[in-house]
Amino acid sequence: MKMNAGGIDRFLRIAVGVVLIALVFVGPQTPWGWVGVIPLVTGLLGYCPLYSLAGLNTCPTKKT
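Calculation notes
Residues numbered from 1 in each chain as written. Predicted model: local features only at pLDDT ≥ 70, side-chain atom pairs only at ≥ 80, totals over all residues. Heavy atoms only, no water. Helix = DSSP H or I, 4+ residues; strand = E, 2+ residues; numbered from the N terminus. Rg over C-alpha atoms; globule rule 2.2 N^0.38 Å. Buried < 20%, exposed > 50% of the residue type's maximum accessible area, 1.4 Å probe, protein only. Contact = heavy atoms within 4.5 Å. Areas by Shrake-Rupley, 256 points an atom, 1.4 Å probe, with all protein chains shown as cover. Polar contact = N/O pair within 3.5 Å; in protein donor to acceptor, adjacent residues only side chain to side chain. Patch = residues over 30% accessible without salt bridge, like charges linked within 9 Å, V, L, I, M, F, W, Y side chains within 5 Å. Salt bridge = Lys/Arg side-chain N within 4 Å of Asp/Glu carboxyl O. Axes fitted to C-alpha atoms, helices over the stretch in contact; angles between N-to-C directions. Parallel < 35°, antiparallel > 145°, perpendicular 65-115°, else oblique. Left-handed = near helix turned anticlockwise from the far one by under 90°. Nonpolar A, V, L, I, M, F, W, Y, C, P; charged D, E, K, R; others polar.

**A short note on the overall build of the protein**
Now for step 1: The secondary structure content of the protein amounts to three helices and zero strands.
Now for step 2: Counting from the amino terminus, the protein carries its helices and strands in the arrangement α-α-α.
Now for step 3: A globule of 64 residues ought to have a C-alpha radius of gyration of about 11 Å, yet the protein, at 14 Å, is considerably larger.
Now for step 4: Dimensions of the protein along its principal axes, counting C-alpha atoms only, are 50 × 20 × 15 Å.
Now for step 5: The buried share of the protein, reckoned over its 64 residues, is 28%.
Now for step 6: Partitioning the contacts of the protein with sequence separation of at least 6, the portion at a separation of at least 24 is 62%.
Now for step 7: Looking at the protein as shown, the accessible area adds up to about 4800 Å², and 74% of this sits on carbon and sulfur atoms.

Spelled out as structure tokens, the structure:
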């Protein structure tokens, strides 16, 4: 698994994941908040399977 999610992308995924999971405990308390596990995990790992399928990469390129 090669990283394909850049810094800002990862930060936003982690933030959205935490907010969605928090909705399970606070607010509407709906089980749909567990969907937040997906962006949280992809943000922590830096790898998004959908980006791989679409050929996307938000990681900065290394210039050598």
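**Remarks on the side chain of Asp 9**
Now for step 1: Its place among the elements puts Asp 9 in helix α1 (residues 7–25).
Now for step 2: Given the relative accessible area of 15%, Asp 9 is considered buried.
Now for step 3: Separated by 3.2 Å, the side chains of Asp 9 and Thr 58 make a polar contact.
Now for step 4: Beyond its immediate sequence surroundings of up to four residues, Asp 9 is in contact with Tyr 51 and Thr 58.

**Digging into a nonpolar patch on the surface**
Now for step 1: A cluster of nonpolar side chains, Met 1, Phe 25, Val 26, Trp 34, Val 37, Val 41 and Leu 45, forms an exposed patch at the surface whose accessible area comes to about 750 Å².
Now for step 2: With three residues, the single largest contributor to the nonpolar patch is helix α2 (residues 37–45).

**With respect to the packing of α1 against α2**
Now for step 1: Taken N-terminus to C-terminus, the directions of α1 and α2 make an angle of 150°; their axes are 7 Å apart at the nearest point. Between α1 and α2, the crossing angle belongs to the class labelled roughly antiparallel. The chirality of how α1 crosses α2 is left-handed. The segment α1 lies against α2, with Arg 10, Arg 13, Ile 14, Val 16, Gly 17, Val 18 and Ile 21 engaging Val 37, Pro 39, Leu 40, Thr 42, Gly 43, Leu 44 and Leu 45.
Now for step 2: For the contact of α1 with α2, the per-class residue count stands at nine nonpolar, three polar and two charged.

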